[in-house]
Amino acid sequence: MTTIHIDGRDCQTRSDINLLQACLEAEANLPYFCWHPELGSVGACRQCAVKQFSGPEDTKGRIVMACMTPVSENAIISIDDPEARDFRAGVIEWMMVNHPHDCPVCEEGGECHLQDMTVMTGHNTRRYRFTKRTHRNQDLGPLVKHEMNRCIACYRCVRFYRDYAGGDDLAAFASHDNVYFGRAEDGTLQNAFSGNLVEICPTGVFTDKPFSASYTRKWDMRGAPSVCVHCAVGCNTIVNAREETLRRVLNRYNTDINRYVLCDRGRFGHGFVNAPTRIRTPLRAIDGQQVPVPMADALTTFARMAAKGRIAGIASPRAALETCFSLHALVGPEHFSTGQTQQEQGCTELAHTLLTRHPGALPTLHEMESADAVLVLGEDVCATAPRLGLSLRQSVRQASFHTADNARVPRWMDAAVRTLGSECPSTLHVLTPAPTDLDSVAAETFRATPDDIARLGFAIAHEIDPSAPPVTDLTPDDAARAARIAQALKAARKPLVVSGMQYGSPALMQAAASIAAALARATSAASLSLVLPECNSMGLAMMGGLPLETVMERARAGEISTLVIVENDLTRHLDPTDVAELVAAVPNIVVLDHTMTPLCQHASLVLPIAAFSECSGTLVSQEGRAQRFFQAVFPPAPIQAGWRWIQALARSLDPSTLPITGLIDWRDLDDVLATLATAFPDLAPAVMAAPEADYRIHGEKLRSQTYRASGRTVIRSFISVRDQPPPASPDTPFSSSMEGAYEPDMPGALVPFYQTPAWNSVQALNRFQSEIGGPMRGGPSGIRLLSPAENQNTEAQPYPYATDIPAPYVPQADTVLVLPDTRLFGSEELSMFSPPIMARSSAPTLGLPASATGSDRMVLHLEDGPHDLPVEPVPGLPEGTVLCPTHRVARAFRFPRMARLEGLTDGGERP
Amino acid sequence: MMAASERPLTAMIDPAAGPPDCATYERAGGWQAARLALGRLTPAEVIDWVTRSKLRGRGGAGFGTGQKWSFVPKEPASERRKYLIANADEMEPGTFKDRWLLEGNPLQLVEGMILAAYAVQAGHGIVFLRGEYQEACVRLDRAIGEARERGWLGENILGSGFSFDIHVHSSAGRYICGEETALLTALEGRRATPRSKPPFPQTGGLWGAPSVVNNVETLCNLPHIIANGPEWFAGLGLGEDGGTKIYGVSGRVAKPGAWELPIGTPLRQIIEDHAGGMRPGYQLRALLPGGASTAFIDTTALDVAMDYGSVEKAGSRLGTGMAIILDERTCPIGMIRNLEHFFAQESCGWCTPCRDGLPWVERLLDAIEDGTGREEDMEQLDRHARMLGAPGRTFCAHAPGAMAPLASGLKLFAADFAAHIQQGRCPHHAGAGP
Amino acid sequence: MRAEILALAAQELHPRGASVAALRLVQAHFGWVSTAHLREVADLLGMSADDLDGVATYFNLLFRRPVGRHVIMLCDSVSCWIMGRETLCAHLCRKLGIRPGETTADNAITLLPTVCIGHCDHAPAMLVDNTLHGDVTPASLDHLIATLRDTP
Ligand SMILES: Cc1cc2nc3c(=O)[nH]c(=O)nc-3n(C[C@H](O)[C@H](O)[C@H](O)COP(=O)(O)O)c2cc1C
Ligand code: SF4
Ligand code: FES
């Protein structure tokens, strides 16, 4: 800690930061643009000018850029100094020279950093009397809108897009006051994180295009803290709603996970909630037709079904913990299925076991950013866990940070650190069957089949710890590669191994865990991360249940009369023949979902449940972090939370048949969680993922709208001129209106939007952090359920290395190994119901090794029949394999799968 | 060589004969210094000699050359990638000295670069040449080729164990590329915006490697310092600084041109003796002593010695030492407008005050010169001169450079500004007539 | 030319270091840098077209629009201005029937302003297709235009 003096005030501050950070942390209002907490300082905008004095005697001082000046002991600075003020007002005035002054029609309005800073500097009279320069805008695709005239040239967009996110199709063009930020030509922004431009840009150049279609000012929307449902990483989000429709998703800062950035799937995937595919009323199959019926009818129908025999339940890794648990409570553990195949469930449970058994560290995404050697073993994380991929991309900067440290250049001096690090070697190793977005920053990439990668992984583990089982008959190349990677990992202070279940290969995860465990013998910082497919895969793995195969068996045996399926499109897990068989074998199928999936057509009863934005619940991310999402939208009945529907079903039954009687008495989410905690002690801490519904600040509920909320009373005035009482959720501490408490140190899990006096944009977040880029003042959001076997004495209890090392893959004469081509846009279920994501997904293709692409189209024979697809060469793809986009070609793709491929030209090398 | 010539830099330049080839160069004393340094001096000794010679950088800022080199990490060239870059971007309006040296005697630059590279143990040499200098490019390429053929460039030069080679980077026109950090960015194939310091180029320059950027004229002095000794060189200067300097004059003088003279030669002498005084019918009104980015001085300061310290005392800067003369019949506001147009257009667009402030200044001057100026425009000009002129407010020295002629002009030509605004027209009618 | 560009790239520590050189090579050959060529160069240097175009549009001497067979670059900096470049420019415009930045209808000549070309002692000065001309007068301009029109 260091003391500095800001306008005569003594402030304790961290010593490794710059004056701008120090001022903001001291709650001073100092305007800035080009600095961003995650992007560091470059000194371009000159907005953060302050006066610095060399000592108490110095009365003149000199203007410095706060963001470019390191904090020093006893530094004396003034924000209020007239000359500094004057200069800052001048900077805004310059920025506004060509600005269109179009705030009334600008979608940034009301949450615009430029507006805030303009007010803050006091610039309010236009003195420039000449013509404004204008630009032409570009069509940047379905996600991001472009209005270049609003640009103030802070260079944040290109710095984020190129330097941070690794994109190369957004650039700065031209020079002097003509600089232009866009693409060489109109066209869709290709980077997976393009949507963040909306928040990174301090003005209205880049705005949220889907949001634009149902645009609402920030102050007219309700906000609720939420959690992304589009992969297992568990990024924190804010959902915004008005008129009971979900309008947009924004980033919600979580210091450990997503921090300032969301992937485009997460930001724009929410469209399924308002899509025409939503189920809004109960549907009952009558004479082969599904007809809307009232809730009461649906419940009596269910009671009739239940009276006929055994009820079994199928949950889903994309359903909240509470929903899964309520189903568990309805049908009992013996009849509760996780809704996954044996293989899927085996993999998630294995991931859980490996993580709990790991003797080293289980890193957060933020910790991964500082890993100084990373091995990605058989997982295209950029597609399966995009935000995690972005963290790994940051990890390659470690070497440049060390170089900067040696040169005494502070790490936040972004451009300088990048200059110094331009020749620093990467420490990222990517071993995957197909190219990934991380390849361009990797020290080494290697292409092989999952089994061969696993073998290499086991070999690496053996190189590090000879007591790990050796791999026989490695090629000399592979042996050398294993030794080299082992060396790189051993040399690191914070090595990290990442794998996952993309290829359905337990061996890959075993190998990754072995390497991490071997490394952990030397350093407890050796960390392991495993990627899972769905937002609650881990939660469900911890709950356990029957695999789908068992349900199939029982159905065949006629043991199931009613099957209650919650938020699970079984057609994505089971082959069409299996689905047909199941439907035929079970007399009554009840599907609870928010979206009309292909499975629904087989149901005798379909019940509309709330989507993530319309209820509250808990999800457990792949790193075992239980996180609560909160209701923002109050949908019309009978749409309600999954657990409430299940409770309603239970109430229509004879109470004595229920395995858990508590179920019918639950009043709110906290009751569900309390029961869950007793039933599943491992999951018990999930109760504390966020404060309970009766949490109050100064005796008040928490408001979920900004003070400027307006129009609430007139939205429905055409129906009724009386004031509408605001809706209320018994499950949350939120008032759902602008009434209630709100303050920067409220619990991190409960922050529904960012705003503080003078700061209306997302930049207000600075005030909610205990230090910039650090934890939230009000404590963390969510709670971790897994802790590694930290103090495990490795000598006494040797790590149980896996020994079942797969055999090398040998290309077959008549079949190919089909590998999933997981795509950021197109593979994940719910986001594909969102129009902008649909628009971003490209048509399915068949990826073949470059040497094997003889013809334009080929036919792949899968269980569900032949698939005729265009062929695309994939550099490096191993011989004897094809890449096939998961779920787009055959809905229920399962791996590994061998299949026949047809249509090769005669000259092709491949059989 | 040109033994103790009074004009070491240009003695060998003969426009009629073209640049000397290697043999001619050697006959006239060339390569003597390289042979001496590589054969008998340590890199540290070369740095020491150059420091003692009182050579200050001729690129404009006047930083001590030996001192600049002393910040470079000391590893031998074979152990660490380092760069020595000749700044031949010469785009400062009114400046044409480096072209003279480049076209007249490129081998002198090559030898200078070898010496500088040896001193800082850089293995890679680059000439950053402005794109318009096509003839210089051809001659330089030829000289480098010849030097390489004769073993002055390449592996293990003269068996000294020191390896060094040069390649020419022909730029594509942008004044800011002359700023040494923007120059590095340009060499990396990026948009040439300046970089923040630290890291200084000497420790983290091109591609992050230690790099020294020196002006062409600076480098061309080196062979003479080494061949004739630092004391001889220091003695050439008339005042504090060492050596000779290329001075030049353009505008309505009788004989515009450039001349190599002892550094510290009085301005009056340069204009009257060498440039032949004003053309008949024209009177000297004021001048920019060292290129477009230096402040105006008027006739009261004509006796200033043209060295770094003295010109600064007179309220301007030596800059490139290339004076631009404003005569009585040319509109000073037109001249300043022309300068500010240049600076506004050449702003790289990185920092706000320069990017958006300079065009504002240009519009104001347009308005005043075109007769639509207003009283309050003067306040705006003042404000800009103040806000952009002081160091540290803009990212680099471009904008302060741009404000030097404006700020001084506002004082010196206050009456002209007032007349323009009051009369609603330029009293010098069409601005500048022939 | 591809080979030449690859050779330029190979000389650099990173291929992108050759971007200006490569674009100048293309321009020397075709007179300007078309988008198609820009894309090809970007490919050869392993850069995105967006990235390279950001560089191309930054520099004054890289033309991203077609120019005539000859390019007259008339210095518009201070010494030439003092020595009467405005009159010359007006004269040129009148003669050619174009404004600065434009190309004559017969595609013979493009007129561009340029910053100081280091020929101030012979102001007003200009560059015509890389050849330096000093002490330019209306008469010498007329002569020049006539010759340019006749040379391919
Ligand atoms: C805007 C700007 C333009 C410059 N242009 C040149 C130039 O064209 N040639 C040059 O040698 N130095 C130029 N400089 C100075 C260089 O930054 C640098 O100081 C110089 O090349 C160092 O060489 P020296 O130490 O030999 O003088 C410029 C500086 C600025 C701020
Ligand atoms: S002062 Fe700023 S905008 Fe101007 S050239 Fe320097 S960095 Fe670029
Ligand atoms: S925030 Fe400091 S210069 Fe932009």
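Values in this document were obtained by computation on a predicted structure and should not be read as measured data. (Residues numbered from 1 in each chain as written. Chains lettered and ligands numbered in written order. Predicted model: local features only at pLDDT ≥ 70, side-chain atom pairs only at ≥ 80, totals over all residues. Heavy atoms only, no water.)

**Student:** Is there a simple way to explain the side chain of Thr244 of chain B in this structure?
**Tutor:** All names here are of chain B. By secondary structure assignment, the location of Thr244 is in strand β5 (residues 244–250). By relative accessible area, which is 1% here, Thr244 ends up buried. Reaching out from Thr244, the side chain makes a polar contact with the side chain of Glu260 at a distance of 2.5 Å. Discounting chain neighbours no more than four positions away, the residues touching Thr244 are Glu6, Pro8, Leu9, Arg58, Glu217, Asn221, Phe233, Leu236, Glu260, Leu261, Pro262 and Ile263. (Helix = DSSP H or I, 4+ residues; strand = E, 2+ residues; numbered from the N terminus. Buried < 20%, exposed > 50% of the residue type's maximum accessible area, 1.4 Å probe, protein only. Polar contact = N/O pair within 3.5 Å; in protein donor to acceptor, adjacent residues only side chain to side chain. Contact = heavy atoms within 4.5 Å.)

**Student:** Help me understand unusual backbone geometry in this model?
**Tutor:** As a rule of thumb, non-glycine residues mostly have phi less than zero, and peptide bonds are mostly trans rather than cis. A cis amide bond, omega 5°, links Ala637 of chain A with the succeeding residue Pro638 of chain A. Here Ala123 of chain C and Pro124 of chain C are connected by a cis peptide whose omega angle stands at -5°. Tracing the backbone through its elements, the reader meets Pro124 of chain C in the loop between β2 (109–114) and β3 (126–128). Positive phi outside glycine occurs at Asp7 of chain A, with the angle close to 50°. Mapping Asp7 of chain A onto the fold places it in the loop between β1 (2–6) and β2 (9–13). When its relative accessible area of 34% is taken as the criterion, Asp7 of chain A is described as partly exposed.

**Student:** Explain the site of ligand 1 here, please?
**Tutor:** Residue and element names in this part refer to chain B. Near ligand 1 there are 19 residues, and of these Gly59, Lys68, Asn87, Asn215 and Thr218 occur at the shortest range. Within the contact set of ligand 1, an oxygen atom lies 3.0 Å away from a backbone nitrogen or oxygen of Glu180. Between Asn215 and ligand 1, the recorded distance is 2.7 Å, taken from a side-chain N or O atom to an oxygen atom. Compared with its free state, where it exposes 600 Å², ligand 1 has 89% of that area covered by protein. (Near = heavy atom within 4 Å. Areas by Shrake-Rupley, 256 points an atom, 1.4 Å probe, with all protein chains shown as cover.)

**Student:** Would you mind showing me how to read helix α3 (residues 35–45) of chain C here?
**Tutor:** Owing to its 3.6 residues per turn, the α-helix brings residues three or four apart onto one side. All names here are of chain C. Of all the residues in α3, the buried ones are Leu38, Val41, Ala42, Leu44 and Leu45. Down the axis of α3, the buried side of the element spans an arc of 160°, and every buried residue falls inside it. Those residues of α3 that are buried lie in contact with α1 (2–11), α2 (19–30) and α4 (49–56). After α3 finishes, the residue Gly46 shows a positive phi value of roughly 65°. (Arc of directions from axis to C-beta.)

**Student:** How do you make sense of the domain arrangement of chain A when you look at a structure like this?
**Tutor:** For chain A, the assigned domains read domain 1 (2–96), domain 2 (283–338 + 545–618 + 634–679), domain 3 (346–538) and domain 4 (816–902). Each of domain 1 of chain A and domain 4 of chain A was reduced to a C-alpha centroid, and the two centroids are 54 Å apart. (Domains from an automatic or database assignment.)

**Student:** Would you take a moment to explain the side chain of Ser170 of chain B for this structure?
**Tutor:** Checked against the element boundaries, Ser170 of chain B lands in strand β3 (residues 165–170). Polar contacts involving the side chain of Ser170 of chain B include one to the side chain of Arg24 of chain C, which spans 3.4 Å. Ser170 of chain B has contacts with Leu129 and Gly131 of chain B together with Val20 and Arg24 of chain C, leaving out every residue within four places of it along the chain.

**Student:** Looking at this structure, how should I read the interface of chain B and chain A?
**Tutor:** Reports of interface size often rely on the accessible area that becomes lost once the parts have come together. Opposite the 41 residues of chain B that make contact, chain A presents 39 residues. For the pair chain B and chain A, the summed buried surface comes to about 3,400 Å²; carbon and sulfur atoms form 58% of the total. For chain B, the biggest contributors to the area lost against chain A are Trp350, Trp360 and Arg393 of chain B; these three give 21% of the whole. Counting across the chain B and chain A interface gives four salt bridges. A salt bridge links Asp86 of chain A to Arg386 of chain B; the nearest nitrogen and oxygen atoms lie 3.9 Å apart. Of all the elements in the fold, those that place two or more residues in the side of chain B that touches chain A are α13 (332–346), α14 (352–370) and α15 (375–389) of chain B. When the residues that make up the side of chain B that touches chain A are grouped by side-chain class, the tally is 15 nonpolar, 15 polar and 11 charged. (Buried area = accessible area lost by both parts, 1.4 Å probe. Salt bridge = Lys/Arg side-chain N within 4 Å of Asp/Glu carboxyl O. Nonpolar A, V, L, I, M, F, W, Y, C, P; charged D, E, K, R; others polar.)

**Student:** Sorry if this is basic, but what is going on with the sheet that holds β1 of chain A here?
**Tutor:** Strand pairing in a sheet is mediated by backbone hydrogen bonds. Such pairs are either parallel or antiparallel. Residue and element names in this part refer to chain A. If you trace the five strands from one edge of the open sheet to the other, you get β2-β1-β5-β3-β4, paired in mixed fashion. Each edge of the open sheet carries a strand with a single partner, namely β2 and β4 (62–65). Taken over all neighbouring pairs, the strand axes of this sheet differ in orientation by 40° on average, direction set aside. In the sheet, β1 pairs with strand β5 (residues 76–78) via two bridges, with the strands oriented parallel. Opposite His5, over in β5, you have Ile76 as the bridge partner. Along the sheet face, helix α2 (residues 82–95) touches β3 (49–53), β4 and β5 and points at about 160° away from the line of β3. (Pairing = 2+ DSSP bridges. Axes fitted to C-alpha atoms, helices over the stretch in contact; angles between N-to-C directions.)

**Student:** For this particular structure, what's the right way to read the environment of Thr13 of chain A?
**Tutor:** Residue and element names in this part refer to chain A. Here Thr13 is to be found in strand β2. Put simply, Thr13 and Arg408 are 395 residues apart on the chain and 19 Å apart in space, counted from C-alpha to C-alpha. Once residues lying within four places of it in the same chain are set aside, the contact partners of Thr13 are Met1, Thr2, Ile4, Ala22 and Val71.

**Student:** In this structure, what is going on with the pairing of strand β1 (residues 70–75) of chain C? I would like to understand it.
**Tutor:** All names here are of chain C. Of all the six residues making up β1, six are buried; the element is thus mostly covered by neighbouring parts of the structure. A two-sided burial pattern is seen for β1, the buried positions comprising His70, Ile72 and Leu74 on one face and Val71, Met73 and Cys75 on the other. Two elements, β1 and β2, share six bridges in a ladder whose sense is parallel. Bridging across to β2, Met73 finds its partner in Leu112.

**Student:** Is there a simple way to explain the interface of chain B and chain C in this structure?
**Tutor:** In this complex, chain B contributes 55 residues to the contact, which on the side of chain C involves 37 residues. In this assembly, chain B packs against chain C so that about 3,700 Å² is buried in total across both faces, 59% of it on carbon and sulfur atoms. At the surface where chain B touches chain C, the tally comes to zero salt bridges. In this structure, the connection of chain B to chain C is made through 21 residue pairs in polar contact (both at pLDDT 80 or more). When contributions to the side of chain B that touches chain C are tallied by element, the ones reaching two or more residues are β3, α8 (180–187), β9 (322–327) and α13 of chain B. With eight residues, α13 of chain B is the single largest residue contributor to the side of chain B that touches chain C.

**Student:** I tried to follow the confidence of the model for chain A on my own but got confused; where do I start?
**Tutor:** Residue-level pLDDT values for chain A average 94, and 96% of them are 70 or greater. Every residue in residues 905–911 of chain A scores below 50 in pLDDT, and together they form 12 contacts with partners more than four places removed in sequence or on other chains. (pLDDT = per-residue confidence, 0-100.)

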